[in-house]
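# Examination of the molecular architecture
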Amino acid sequence: MIDIKFLRENPDQVRLSQKGRGEDENIVTRAITADDERRAAIVTFEALRAEQNVFSKSVGAAKGDEKTLLLERGKELSAKVKIAEAEKVEAETKARELLMLLSNLLDPKAPIGGEEDFVVLEHIGTPRDFKKDNFEPKDHVELGKLLGAIDTERGAKVSGARFYYLTGVGALLEFALVNYAISSAVKAGFIPVIPPVLVKPAAMEGTGFLGQAAENVFNLEKDDFYLVGTSEVPLAAFHMDEILSPEKLPLRYAGYSTCFRREAGTYGKDTRGIIRVHQFDKVEMFTFCKPEDAVAEHQRLLQWEKDFLQAMEIPFRVIDVASGDLGSSATRKFDCEAWIPTQNAYREVTSTSNCTEFQARRLNIRMKDDQGTKPVATLNGTLVAIPRMIVAILENHQNSDGTVNVPAALQPFLGMTRFELV
RNA sequence: GGUGGCGUGUCCGAGCGGCCGAAGGAGCGCGCCUCGAAAGCGCGUGUUGGGGAAACUCAACCGUGGGUUCAAAUCCCACCGCCACCGCCA
């Protein structure tokens, strides 16, 4: 949610931002009108209510016939107040609904355009030349089979398309990745967290996932729960309705959880393997900080993501995601894309977003300083999303016989230097 | 799942139809006292929203949502959460 005062004073800036995202600009005018109506309704209601408060006091003192008379008038007033209050509530609800429809203000530095209009910020590492190694790389599905690490066929049998089993070294690799991620996060000062993955609507809505992203969220209607698509949701909502002390900021959490995604509208896309799946585990970084520190914190999160990929010895590039491809909460987003040899392409493996005060305003997370109480900034970033990292490791570190070398950083966590054929 | 109890400000805790935004205490801030501190004394100390240039003022908030009433922290209903005990399951 953006600041209503900012919206009133800078409607054109908000229109420009909506346009840059390819979203409806007309909401701006509608939201401002609704806000005017809201304030008018408040004035009407409060005037009546004040009158009633004064009046009610005089009733208590009165006696006999006089009192009977006053009670009659009181009833009339009471009815008026009731109507005015209902109108006020309606106006407030409408104003809030419209305000909630607006996405976060774009960072002026974010490239404008659609999915393809990202800007490459840097390349780290060089894609391996398999011609020089004299063999054709196998894809992760084939390698996963040879190593007894990934079983997509049985995943489909039991749960359907986009489900899989991690078995043997595949399962061990997940544990190693998670342990490495969590231990480096703890070293960096993060508080490790295992959050709930079923959340109430308020958490989902507050994080901004019930807008355009709603179709990708699993909903348990019968019990009014949502399955989180990322631990960003329970981590953001962790401090919902709280006032944080500024001395404690930045607060950094590293959440490990399963993530569930419907992947609606992706039929036929990435159907092979485990690039795009309905369920996976992920270690996510999440920061609450002062708004003025958010840009620097975003760079820090990006750096931790880069450190992780470098430790995995994966060639990758960093892109500045274009406006049309940002989530509604993000003002700016950087993706790290790993080189996937058999696709001859860079594919997103991690991603970090600066949500400024947008989520905090929706979730009512504030800080208190001498200026008063105001919303904090929130940021998130992937440390490791398991399936895609497994894909990147298997494909990039494979040998001609199908065995796979374990990156040095993971060896202590795995107790082996190579994945052997089964 | 059953029974009983509870949910009030930063915290503890009183209030159980109007005089209650709410006693008292703790904490915190400022001042006095002191060489300095502690103790003591005095004053102050919530959030949100509206109006106003401001001083200030009005409204709402006692778990949440409804209801009764001229008037609700206080009465009624539902829900949520916490605690205790019993039953069942892991």
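Please refer to the structure placed before this passage.
What comes next is a walk through the structure. Note that the structure is predicted; figures quoted are calculated from it, not measured.

## Digging into the protein's contact with RNA strand B
Within the structure, RNA strand B sits among 21 residues, and Arg38, Arg49, Ser56, Lys75 and Ser78 are positioned closest to it. Here RNA strand B approaches the protein such that, of its atoms within 4 Å, sugar and phosphate make up 74%. The side chain of Arg49 places a nitrogen or oxygen atom 2.8 Å from a phosphate oxygen of RNA strand B. Take Arg366: an N or O atom from its side chain is 3.1 Å from a phosphate oxygen of RNA strand B. Every element with two or more residues in the surface near RNA strand B is listed here: helix H3 (26-61), helix H4 (64-101) and strand E14 (366-369). Take the surface near RNA strand B: its biggest share by element is 13 residues, from H3. Among the residues making up the surface near RNA strand B, the classes are represented as 6 nonpolar, 7 polar and 8 charged.

## A look at the sheet that holds strand E16 (residues 377-385)
The 8 strands are arranged E1-E11-E12-E13-E16-E10-E9-E4 in an open sheet whose pairing can be described as mixed. With partners counted over all chains shown, the strands left at the sheet margins are strand E1 (119-124) and strand E4 (191-193), one partner each. Pairs of neighbouring strands in the sheet enclose a mean axial angle of 25 degrees, with direction left out of account. The pairing of strand E11 (residues 316-320) with strand E12 (residues 332-340) spans 5 bridges and is classified as antiparallel. Bridge assignment links Ile319 to a residue of E12, and that residue is Asp335. Across the sheet, helix H8 (residues 169-187) touches E4, strand E9 (251-260), strand E10 (279-289) and E16, and the angle it forms with E9 is around 165 degrees.

## Remarks on helix H11 (residues 294-311)
The terminal C-alpha atoms of H11 lie 26 Å apart, and with 18 residues this matches the ideal 26 Å at 1.5 Å per residue to within 8%. Directly after H11, the chain includes Glu313, whose backbone phi takes a positive value near 60 degrees.

## Description of the pattern of salt bridges
Opposite charge on two side chains lets them pair, provided their charged atoms get close. One pass over the full model with this rule turns up 19 salt bridges. Among the salt bridges present, the one from Lys306 reaches Glu122, with a minimum N-O distance of 2.5 Å. Highlighted residues: Lys306 in helix H11 and Glu122 in strand E1, separated in sequence by 184 residues. The partly exposed category is assigned to Glu122, whose relative accessible area is 29%. Of the charged contacts, one joins Arg347 and Asp270 as a salt bridge, the two residues approaching to 2.9 Å between their closest N and O atoms. With Arg347 in strand E13 (residues 345-354) and Asp270 in the loop between E9 and E10, this pair connects stretches of sequence that are 77 residues apart. Asp270 sits in the buried class, given a relative accessible area of 18%. One salt-bridge network, in which partners are shared between bridges, spans Arg8, Asp35, Asp36, Arg38 and Arg39.

## A short note on the sheet that holds strand E15 (residues 372-375)
Taken together, the 3 strands give an open sheet; going across it, the order is E8-E14-E15, and neighbouring strands pair in mixed fashion. Here the strands that pair on one side only, and so sit at the sheet edges, are strand E8 (243-244) and E15. In this sheet, E15 lies alongside E14 in antiparallel orientation, the contact comprising 4 bridges. Looking at the pairing, Arg366 lines up with Pro375 of E15.

## What about the packing of aromatic side chains?
One pair of aromatic rings is described through two measures. These are the centre distance and the angle between the planes. Considering all chains together, one arrives at 8 aromatic pairs under this definition. Aromatic side chains Phe130 and Phe135 sit 5.3 Å apart centroid to centroid with 90 degrees between the ring planes, which places their arrangement in the edge-to-face category. Each member of the pair, Phe130 together with Phe135, is buried. Chaining the aromatic ring pairs together yields one cluster made of Phe238, Tyr253, Phe286 and Phe288.

## What about the nonpolar core?
Leu177, Phe308, Met312, Ile390, Leu410 and Phe419 are the most contacted members of the largest nonpolar core, which has 59 residues in total. Looking at this core, the elements with two or more residues in it are H8, E9, E10, H11, E11, E12, E16 and helix H13 (386-396). Residues within four places of Leu177 in sequence aside, it is in contact with Phe308, Met312, Val384, Ile386, Met389, Ile390, Ile393 and Leu410.

## Examining the side chain of Arg388
Structurally, Arg388 is set in helix H13. Despite being buried, Arg388 has no salt bridge partner; Glu348 is the closest side chain of opposite charge, sitting 4.6 Å away. Polar side-chain contacts of Arg388 include one of 2.8 Å to the backbone oxygen of Ile275. A distance of 2.9 Å separates a polar atom in the side chain of Arg388 from the backbone oxygen of Glu348. Sequence-distant contacts of Arg388, that is, excluding residues within four places in its chain, are made with Ile275, Arg276, Glu348 and Val349.

Procedures and definitions
Residues numbered from 1 in each chain as written. Chains lettered and ligands numbered in written order. Predicted model: local features only at pLDDT ≥ 70, side-chain atom pairs only at ≥ 80, totals over all residues. Heavy atoms only, no water. Near = heavy atom within 4 Å. Polar contact = N/O pair within 3.5 Å; in protein donor to acceptor, adjacent residues only side chain to side chain. Helix = DSSP H or I, 4+ residues; strand = E, 2+ residues; numbered from the N terminus. Nonpolar A, V, L, I, M, F, W, Y, C, P; charged D, E, K, R; others polar. Pairing = 2+ DSSP bridges. Axes fitted to C-alpha atoms, helices over the stretch in contact; angles between N-to-C directions. Contact = heavy atoms within 4.5 Å. Expected span 1.5 Å × (residues − 1). Salt bridge = Lys/Arg side-chain N within 4 Å of Asp/Glu carboxyl O. Buried < 20%, exposed > 50% of the residue type's maximum accessible area, 1.4 Å probe, protein only. Phe/Tyr/Trp six-rings, centres within 6.5 Å; stacked < 30°, edge-to-face > 60°. Core = buried A, V, L, I, M, F, W, Y, C linked by side-chain atoms within 4.5 Å. Lys, Arg positive; Asp, Glu negative; His and termini not counted.

Read these as spatial facts, not as claims about activity.
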